[in-house]
Amino acid sequence: MKYVLVTGGVVSGLGKGVTASSIGLILKACGLRVTSIKIDPYLNTDAGTMSPFEHGEVYVLDDGGEVDLDLGNYERFLDIKLTRDNNITTGKIYQSVIDKERRGDYLGKTVQVVPHITDAIQEWIERVAVIPVDGKEGPPDVCVIELGGTIGDIESMPFIEALGQFSYRVGAGNFCLIHVSLVPVLSVVGEQKTKPTQHSVRGLRSLGLTPNILACRSTTELDENVMEKISRFCHVPVDNIITLYDVSNIWRIPLLLRDQKAHEAILRVLNFKGVAREPALGEWTSRAELCDKLHEPVRVAMVGKYTGLSDAYLSVLKALVHASVPCHRKLCIDWIAASDLECETARENLENYRNAWKLLKGADAILVPGGFGDRGVEGKILAARYARENRIPFLGICLGMQIAVIEFARSIVGLLDANSTEFDPNTQNPCVIFMPEGSKTHMGGTMRLGSRRTYFQAADCKSAKLYGNQRFVDERHRHRYEVNPDMVQQLENAGLSFTGKDESGRRMEIVELPNHPYFVGVQFHPEFKSRPGKPSALFLGLIAAATGQLETFLKKGVPKTWGLSNGTSGLKSHRYVNGSKLANGSLDGIYSKGNGIHV
């Protein structure tokens, strides 16, 4: 088994996750089977109880694991299915060691960080690395491990020690360390500064790890003399120094690695030369080029609670991009804080209220993603009502589906106090209720999680057609509340159609308005299974409806996704926030407007 470890230095947020995903992709393109592990040094058992503002979105796996969003990057880039054990946390490691101690497995020994915690880390890595994640039999060839945080963080010290021991134990030809570091450019003098990278590598070496390859994050390509200086002071060959400079879209990063022969450097370190082929990235290249050439926009209003941090909706953003490209449109996100649509905001901050409604009314499509808590719920309900009344394509996910049902009950059925018991426990018309099997005392891992089956109730509904007229579909879930099955008949009599249900027939999974161009709500999270070459059916339906292509898609099927045709131009993509152009970065060249979005 071969291992590639990706660490980060100087500052956080350099893009280690995308770098690790790109490394995995390029190795897979060389014909190798690849798996991934993410190490998060926090004490939480998993990401399930963490605020999206604190840590970005919680990504959900097939087995119900609530994990770091970087595992979403791994799955999207590599088109694999990971398990909850592919995300290691300090909490998981300490829990496993304490459980062993309580059982008496250590035979009276004093339990310490070294060797017990460090051994547990190494055993976990070796156990998970051999689990096949690509649907084939047998262990993968390479495991790409990403260590979260920054070298020098106190909480990552046990992992650094464990990985130092691990590299020595598995042998030099089986272990490759890639260190992602920052080479800033001082605007005053315009010079690329190497000192932060020198200090970072020195700190890494002092902890017992020596980098084989340096991936230098900078706004521009490194000058030759700068690379020679880094090589001299960091003891890394020039051929093993890679520049990760700003690109127009995220799909160009693996191409950047390929063009700088990163795969050859990795294969040399791992003694894979002569075994692997040159990376086959033809389809990936076409996709990246097409993304840059799109110029005709499609505007999607994202009405959510966490719009101040784009990472809170990372998988939704990626799924929208995956769907926009085959529709030959440049995705433009209008970020709308749901609470800004409410009447209370009109009284307190009229400008925010007007701006929010202006963005909503100018959108080609409206998307209400999942969320928890009552803040902004009435604003989401208003957004669903606007989409329904004005026949604007609408997609509601999880809570987004639930508020669409509540809005319909209030406006069409006439149940003015209809609500979810999450927001009003005493409502007389509970359209959405707490699930019987849920827990109100423990938060972590107690929701309905992971891949569950949804059965279509009608063959002629839009969702069934978009999924290829299958009898059922498996999608990932993360929720505590559900549509009240006792109110379904009343809602359906008024014109709402529940086109997807679980195997029992009592849990509502998909809701549609039959006479609307595209009004779909789903209890599951389709964004988690969207892939660059395989866009989610429901996201594709939303963008197709917004661009007048839905009927063509439903009749003829989805067109060839990545063909360089349809009148695309050579216009370069950039990101926009509040109308101002920003430097190209890591959000797929999305245009973005709205309230306080940080990118």
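Residues numbered from 1 in each chain as written. Predicted model: local features only at pLDDT ≥ 70, side-chain atom pairs only at ≥ 80, totals over all residues. Heavy atoms only, no water.

By the naming in an unreviewed UniProt entry, the protein chain goes by CTP synthase and is assigned to Nicotiana tabacum. UniProt's Sequence similarities (unreviewed entry) comment on the protein chain is quoted here verbatim: "Belongs to the CTP synthase family." A UniProt comment under Function (unreviewed entry) is attached to the protein chain, and it reads "Catalyzes the ATP-dependent amination of UTP to CTP with either L-glutamine or ammonia as the source of nitrogen." (UniProt positions renumbered as here; feature names shortened; annotations may be inferred.)

**Q** Describe the sheet that holds strand β1 (residues 2–8), with residues and values.
**A** Hydrogen bonds between backbone atoms are what pair the strands of a sheet, whose relative direction is either parallel or antiparallel. Spatially, β5-β2-β6-β1-β7-β10-β11 is the arrangement adopted by the seven strands of the open sheet, whose pairing is parallel. Each end of this open sheet is capped by a strand with a single partner; those strands are β5 (87–89) and β11 (241–245). Averaged over neighbouring strand pairs, the angle between their axes works out to 20° when direction is ignored. In this sheet, strand β6 (residues 142–147) lies alongside β1 in parallel orientation, the contact comprising five bridges. The residue of β6 that forms the bridge with L5 is I145. Along the sheet face, helix α3 (residues 70–78) touches β2 (34–40), β5 and β6 and points at about 170° away from the line of β2. Together, β1, β2, β5, β6 and β7 (175–182) form the strand contacts of helix α6 (residues 157–170), whose direction differs from that of β7 by roughly 140°. (Pairing = 2+ DSSP bridges. Helix = DSSP H or I, 4+ residues; strand = E, 2+ residues; numbered from the N terminus. Axes fitted to C-alpha atoms, helices over the stretch in contact; angles between N-to-C directions. Contact = heavy atoms within 4.5 Å.)

**Q** Residues and numbers for a positive patch on the surface, please.
**A** A contiguous patch of positive charge on the surface is contributed by K195, R202, K229 and R232. Those elements that provide at least two residues to the positive patch are α7 (195–206) and α8 (224–234). Following the sequence through the fold, K229 ends up in helix α8. Residue classification places K229 among the partly exposed positions, given a relative accessible area of 36%. (Patch = residues over 30% accessible without salt bridge, like charges linked within 9 Å, V, L, I, M, F, W, Y side chains within 5 Å. Areas by Shrake-Rupley, 256 points an atom, 1.4 Å probe, with all protein chains shown as cover. Salt bridge = Lys/Arg side-chain N within 4 Å of Asp/Glu carboxyl O. Lys, Arg positive; Asp, Glu negative; His and termini not counted. Charge placed at Lys NZ, Arg CZ, Asp CG, Glu CD. Buried < 20%, exposed > 50% of the residue type's maximum accessible area, 1.4 Å probe, protein only.)

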